[in-house]
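# Structural features, examined
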Amino acid sequence: MNLRTLGKTGKKISEIGFGAWGIGKSWWGTTDDVESLRALRRAIDLGITFFDTAYVYGDGHSEQLISRAFKESGAPHFIATKCPPLNMQWPADPRTPPEEAFPENWIVQCTERSLKNLGLESLDLQQFHVWTDAWMSRDEWKNAIVKLKKQGKIRGFGVSINDLDPDSALQLVDSGLVDTVQVIYNIFEQAPETTLFPLCRKKDVGVIVRVPLDEGGLSGTLTPRTRFEDDDFRARYFADGRLEETCAHVEKIKPLLGPYAPTLPELALKFILAHPAVSTVIPGMRKVKNVEANARLSGGTPLPERVLQELKKHAWIRARQPLDD
Ligand SMILES: NC(=O)c1ccc[n+]([C@@H]2O[C@H](COP(=O)([O-])OP(=O)(O)OC[C@H]3O[C@@H](n4cnc5c(N)ncnc54)[C@H](OP(=O)(O)O)[C@@H]3O)[C@@H](O)[C@H]2O)c1
């Protein structure tokens, strides 16, 4: 497993990380804890050291499973979790005062709750689960982070950037107040390359790439006939013709598969790893076979330049979720 440095945290982490939303059992339909724990343990065995979770992934369930998996293992690890906004509003609305989303006592309370779930004294990385640069000029959240760092309750601080809006955290990255950002970047969504990634490199801010397989759209497992359970958020994500459109896009990408990437997930993950700003990519994984396939590709043949250039043509501009009035 190749390691990369996570920005100015200076920590070496695995370039393939573990996305732990699905194992939280809250949004992904039927999910089995026994299988999730097996996937976590296999990831640890295969050298995955970076785990991304959040309090809201099953009200602490994902954090607790990670804690259980590590109790039996002395392996090195880096765990990133997230503090939800108090108003539980996604995406962050620039019109919302930051005190409604991240008041100081809420940040402290959520951090302590996550520490307890994870069985840790200190978090490697605490991330705000939403962000808008409209909150830059206010001090309350900044004071909370400084205090938590001083107390040793968190070591790094980052934010998760609103879906399909990579430029909504540029001021924060430029300010030096943040160690990492988490952003959607994949074959379809290439916008972070324009401004966010160069700025992250300049400011030595770690980049955690989420939704690398477009919630399964780039996993090679979906067909126009795929149906999702009612409690699987993908029933909505792929609604209104999006599933058929996604499958049509994927058919156009398939001719680019080759010995350097014989499967679609491998092609999709290697596309992401080819960007020098990327610190780690965190596919969501609940199954051992997916952990094995994804861990195995690290250190393998990189994508040829010709394929990378061709993949650039497959960017697919999609509208960001509108804010409520
Ligand atoms: N706002 C935020 O901060 C935010 C939002 C979304 C996601 N995230 C983070 O980013 C992580 C990744 O995003 P995501 O989980 O939403 O979506 P994703 O990684 O784009 O897709 C996950 C899907 O891909 C499947 N998969 C993974 N590896 C595969 C392989 N080799 N072959 C076939 N299928 C494969 C998974 O299957 P199985 O689950 O069945 O193994 C799952 O159905 C999350 O887990 C979470 O940690 C953060």
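On a predicted model such as this, the values are computed, not experimentally measured, just so you know.

## Examining the overall build of the chain
The helix and strand inventory of the chain stands at 12 helices and 10 strands. Here the chain has a C-alpha radius of gyration of 19 Å; the compact-globule value for 325 residues is 20 Å, and the two agree. Taking the principal axes of its C-alpha atoms as reference, the chain extends roughly 50 × 45 × 40 Å. For the chain, with 325 residues in total, the buried portion stands at 56%. Sequence separation of 24 or more characterises 75% of the internal contacts of the chain that already satisfy a separation of 6 or more. When the accessible surface of the chain is split by element, carbon and sulfur atoms take 50% of a total near 14100 Å². Once the 42 positive and 43 negative side-chain charges of the chain are each reduced to a mean point, those two points are 5 Å apart.

## Section: the packing of aromatic side chains
By the definition in use, this model includes 22 aromatic pairs. Ring centres 5.0 Å apart and planes at 90° place the aromatic pair F188 and W316 in the edge-to-face group. Linking F188 in the loop between β8 (180-184) and α7 (196-203) with W316 in the segment after α12 (305-312), this pair joins segments that are 128 residues apart in sequence. Here the guanidinium or amino end of R242 rests over the ring plane of Y237, the centre of that ring lying 4.4 Å away.

## Let's talk about the pairing of strand β6 (residues 123-128)
Of all the six residues making up β6, six are buried; the element is thus mostly covered by neighbouring parts of the structure. Alignment of strand β5 (residues 78-83) against β6, held across four bridges, turns out to be parallel. Looking at the pairing, A80 lines up with L125 of β6. Across five bridges, the pairing between β6 and strand β7 (residues 154-160) is parallel. By the bridge assignment for β7, L123 is matched with I154. Traced from β6 through helix α5 (residues 140-150) to β7, the parallel crossover comes out right-handed.

Rules and cut-offs
- Residues numbered from 1 in each chain as written.
- Predicted model: local features only at pLDDT ≥ 70, side-chain atom pairs only at ≥ 80, totals over all residues.
- Heavy atoms only, no water.
- Helix = DSSP H or I, 4+ residues; strand = E, 2+ residues; numbered from the N terminus.
- Rg over C-alpha atoms; globule rule 2.2 N^0.38 Å.
- Buried < 20%, exposed > 50% of the residue type's maximum accessible area, 1.4 Å probe, protein only.
- Contact = heavy atoms within 4.5 Å.
- Areas by Shrake-Rupley, 256 points an atom, 1.4 Å probe, with all protein chains shown as cover.
- Lys, Arg positive; Asp, Glu negative; His and termini not counted.
- Charge placed at Lys NZ, Arg CZ, Asp CG, Glu CD.
- Phe/Tyr/Trp six-rings, centres within 6.5 Å; stacked < 30°, edge-to-face > 60°.
- Lys NZ or Arg CZ within 6 Å of the ring centre and 35° of its normal.
- Pairing = 2+ DSSP bridges.
- Right-handed = clockwise from strand over helix to strand, strands pointing away.

Note that all results are geometric; they support no functional claim without further evidence.
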